[in-house]
Amino acid sequence: MFFCFCFLGYRTADIANDVQTVGASMQGIRLDIAELRGTVYDCNMKPLTNAVTAYCAVAKPTLKAMSALEKELDAVLFSSVRQKLASGEPVAVKVKNEACNGEDITVVSYPERYNGLACHVIGYLGYDGRGVSGIEKSFDELLSRSGFSVYARVGANADGRVLFGEEPEIINNVFPLSGIVLTIDRDIQKIVEDALDSSEAECAAAVVIEVGTGAIRACVSRPTFSQYDVSTVLKDEKSPLLNRAFQAFSVGSVFKPVVAAYALECGISPDFSYECKGNVSLNGVTFNCHKKDGHGILNMEEAVAQSCNTYFINLALEVGGDGITEMAKDFGFGVPTVFSETVKTRSGTLPEKVDSKAATANLSFGQGELTATPVQICSMMATVANGGRYVRPYLVEGEADVNGRVTRISGYSERRQIISSGTAELLRRFLVAVVERGSGSRAKSDIVECAGKTATAQTGKTENGSEIYNAWFAGYFPAEEPKYAVVVLKENGGEGAVSCAPVFREIAEKTAELNR
């Protein structure tokens, strides 16, 4: 019995040793492929991040694998890979496609984080993989919680040597659908980005808001930047990391619809007339109209269509500057537009007290202390197009779970009737006239009827001895049944009628075609 127990003890230890060996073999060698975060989706659940397919080659240490990788990798990277393979280690290395997939190499596909679209809204990550700006920062915890690691397990024996008879096991290569859902429409976002780029815009912004809902369907800023290489643009004088759609600028004549709205609400007739002689002097200060020899006698519709400064100076003096600023507050000027805890626009500036005729004159055509963001200007146009009903713009729809089911985020339901439907109807008529026979004729389209307002805003800055102007076009389409409001801004863009109106037209036409 003594000998029997000894034999049984020996066999038990031998079996345990075998199990340990098998366990080590089953565990194998781990090769990290990608660290993934939850997806940022557009309003149609199309991915804005994790939308591009990337490839990683998991290679065993063989001459065949080494030869295949040499054809795929640049010389510097291949030198490093070759050293590892030569020492008997398997490697995981990013490749361009699946061409090298085969014996001793398994190519794994996985979603790459960024494709450049909506980069200012989405933001970017720091070296620690945490969100630094935009949606990545605001929803960092949610997106981190929704992610996981993709890795390969290469079979190995107890000594850590690769087993060549087994295929690598790929872990977590089925990506969950969890993430955050935005109001951005990926297709419209692409249209707007392409339109700005084709116009050779350098420092610019464009926003599209859905009339009636306040949903931001596109939000673009230029110049752009690589979300993988942020450090290269930190000292760029054009500030590529700045989201210009959220910054405040001098607005100029795109503010005139607010002045007209207040005047109409005060009971001023749209037939209120004034003779423009090219300039007007107030307390020794001369204000010029863009047409130096004057527009002659105009009513309110023609004054909006021709963007006559002196008419609006006279109109503002008639109703008072303080009332205009109160109306501007109702339109959303002077306060930030908040989309999430860390994603918000600048507030812009409104004069606290319009205490002189000169200050009232400046306010009447959007100059002086007044500044606003492209989001605020676009929201103003959406309000006019929406029959005078203000709807607060929003950017985040909700949270998607692992199965893609969306839980809506509430709190974006602010709606206020700030001007009468009759006033809004008159303003819409005026804005159609701008495009049909006025300063915005370059926005006119044969595909979709448009309405809007031009602006060439003084900034008070000079470059090479010449004053810098902000160019704007803000409007909506279709004119009869408005669906989208659009604003286009170009810093140092010259005249809005020339540089921004054609961009608006391209956005309107391509978006209209998209929705047919």
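The following paragraphs examine the structure supplied in this document. What you are looking at is a predicted structure, and each value in this text was computed from that prediction instead of being measured. (Residues numbered from 1 in each chain as written. Predicted model: local features only at pLDDT ≥ 70, side-chain atom pairs only at ≥ 80, totals over all residues. Heavy atoms only, no water.)

Some words on the pattern of salt bridges
Here is step 1 of the chain: Within the structure shown, the criterion is met by 26 salt bridges.
Here is step 2 of the chain: With a shortest N-O distance of 2.1 Å, Glu112 and Lys94 are connected by a salt bridge. Of this pair, Glu112 sits in strand E5 (residues 105-112) while Lys94 sits in strand E4 (residues 91-95), and the two are 18 residues apart along the sequence.
Here is step 3 of the chain: Taken together, the shared-partner salt bridges connect Arg37, Arg113, Arg130, Glu136 and Asp140 into one network. (Salt bridge = Lys/Arg side-chain N within 4 Å of Asp/Glu carboxyl O. Helix = DSSP H or I, 4+ residues; strand = E, 2+ residues; numbered from the N terminus.)

Focus on the sheet that holds strand E10 (residues 216-222)
Here is step 1 of the chain: One open sheet accounts for five strands, arranged E10-E9-E21-E20-E19; its pairing is antiparallel. Two strands close off the open sheet at either side, each with one partner strand: E10 and strand E19 (451-463). Neighbour-to-neighbour, the strand axes of the sheet open up by a mean angle of 10°, direction not taken into account.
Here is step 2 of the chain: Helix-sheet contacts for helix H13 (residues 374-385) involve strand E9 (204-210), E19, strand E20 (466-477) and strand E21 (484-490), and the interaxial angle to E9 is about 35°. (Pairing = 2+ DSSP bridges. Axes fitted to C-alpha atoms, helices over the stretch in contact; angles between N-to-C directions. Contact = heavy atoms within 4.5 Å.)

Considerations on the sheet that holds strand E3 (residues 52-59)
Here is step 1 of the chain: The three strands are arranged E4-E3-E5 in an open sheet whose pairing can be described as antiparallel. Of all the strands in the sheet, just E4 and E5 have a single pairing partner and so form its edges. The sheet shows a mean angle of 30° between the axes of neighbouring strands, taken without regard to direction.
Here is step 2 of the chain: Alignment of E3 against E4, held across five bridges, turns out to be antiparallel. Looking at the pairing, Ala57 lines up with Val93 of E4.
Here is step 3 of the chain: Against the sheet, helix H2 (residues 63-72) engages E3, E4 and E5, with an angle of about 30° to E4.
Here is step 4 of the chain: Contacts between helix H3 (residues 75-86) and the sheet are confined to E3 and E4, with E4 contributing the most and set at about 160° to the helix.

Some points on the packing of helix H8 (residues 256-265) against helix H10 (residues 309-319)
Here is step 1 of the chain: One can describe the packing of H8 onto H10 by two numbers: an axis separation of 10 Å at closest approach and a directional angle of 40°. Accordingly, the angle class assigned to the pair H8 and H10 is oblique. Here H8 runs over H10; the crossing is left-handed. The residues of H10 that touch H8, namely those facing Lys256, Val259, Ala260, Tyr262 and Ala263, are Asn309, Phe312, Leu315 and Val319.
Here is step 2 of the chain: Residues of the contact of H8 with H10, tallied by class, amount to seven nonpolar, one polar and one charged. (Parallel < 35°, antiparallel > 145°, perpendicular 65-115°, else oblique. Left-handed = near helix turned anticlockwise from the far one by under 90°. Nonpolar A, V, L, I, M, F, W, Y, C, P; charged D, E, K, R; others polar.)

Fair warning: the whole summary comes from geometry, so function is off the table for now.
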